[in-house]
Amino acid sequence: MQPSVLSTDDRQRLEAMLRNPQVFAGTPQAIVDETLKRATQVLEQSKANEQALKTAAQQREAALRQVLDGAAPDQDAQRKEVQALIQGLIAQIEAALGPTAKP
């Protein structure tokens, strides 16, 4: 399962809320504090997940390059392994670029 990463719009909304907490005017302070705390946690987790996805993609790419460098074109097993790695990279890229699940 892919870790969740906030969409650009969601990230911008949370960042704006953190920069401008007066949007909570009239709201009890305890609720404001908890909301801001949770927004900060969600942003940090999203950024960490995004970095983890990038790192995993880089590692897969490096592994794929290593396999391609050593793959003999007449070896069916190696071709299948390369194809599986490519399909995995495509799925991961599509997931990272597509709409994201919200935490």
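Higher on the page you've got the structure.
Computed from a prediction, not measured in an experiment: that's the story for all the values here.

## Examining helix α3 (residues 76-97)
And then number 1: Under the 1.5 Å per step criterion, the end-to-end length of α3 is 31 Å for 22 residues, consistent within 8% with the ideal 32 Å.
And then number 2: Buried within α3 are the following residues: Val82, Leu89 and Gln92. Take α3 and look down its axis: the buried residues cluster within an arc of 90°, on one side only. Of the exposed residues in α3, those oriented more than 90 degrees away from the buried face are Ala77, Lys80, Ala84 and Glu94.
And then number 3: Against α2 (29-70) lie the buried residues of α3.

## A look at the nonpolar core
And then number 1: Counting residues in hydrophobic clusters, the biggest one holds 9 residues: Leu6, Leu14, Met17, Phe24, Val32, Leu36, Ala39, Val42 and Leu43.
And then number 2: For this core, the secondary structure elements donating two or more residues are α1 (8-19) and α2.
And then number 3: By residue number, the principal contributor to this core is α2, which donates 5 residues.
And then number 4: If we ignore the near neighbours within four places in the chain, the residues touching Val32 are Phe24 and Thr27.

## A few points about the side chain of Gln92
And then number 1: Along the chain, Gln92 falls in helix α3.
And then number 2: You can call Gln92 buried: its relative accessible area is 9%.
And then number 3: At 3.3 Å, the side chain of Gln92 and the backbone oxygen of Leu53 are in polar contact.

## Here we look at the pattern of salt bridges
And then number 1: Taken as a whole and judged by the stated rule, the model has 4 salt bridges.
And then number 2: One salt bridge connects Arg13 with Asp10, and the closest N-O pair in it is separated by 2.3 Å. Linking Arg13 with Asp10, this pair stays in helix α1, spanning 3 residues, or about one helical turn.
And then number 3: With relative accessibility at 53%, the residue Arg13 sits in the exposed group.
And then number 4: Residue Lys47 pairs with Glu15 through a salt bridge whose shortest N-O separation is 3.9 Å. You can see Lys47 sitting in helix α2 and its partner Glu15 sitting in helix α1, a full 32 residues away along the chain.
And then number 5: Overall, Lys47 belongs to the partly exposed group, its relative accessible area being 45%.

Cut-offs applied
- Residues numbered from 1 in each chain as written.
- Predicted model: local features only at pLDDT ≥ 70, side-chain atom pairs only at ≥ 80, totals over all residues.
- Heavy atoms only, no water.
- Helix = DSSP H or I, 4+ residues; strand = E, 2+ residues; numbered from the N terminus.
- Expected span 1.5 Å × (residues − 1).
- Buried < 20%, exposed > 50% of the residue type's maximum accessible area, 1.4 Å probe, protein only.
- Arc of directions from axis to C-beta.
- Contact = heavy atoms within 4.5 Å.
- Core = buried A, V, L, I, M, F, W, Y, C linked by side-chain atoms within 4.5 Å.
- Polar contact = N/O pair within 3.5 Å; in protein donor to acceptor, adjacent residues only side chain to side chain.
- Salt bridge = Lys/Arg side-chain N within 4 Å of Asp/Glu carboxyl O.

Nothing here speaks to function; it is all geometry.
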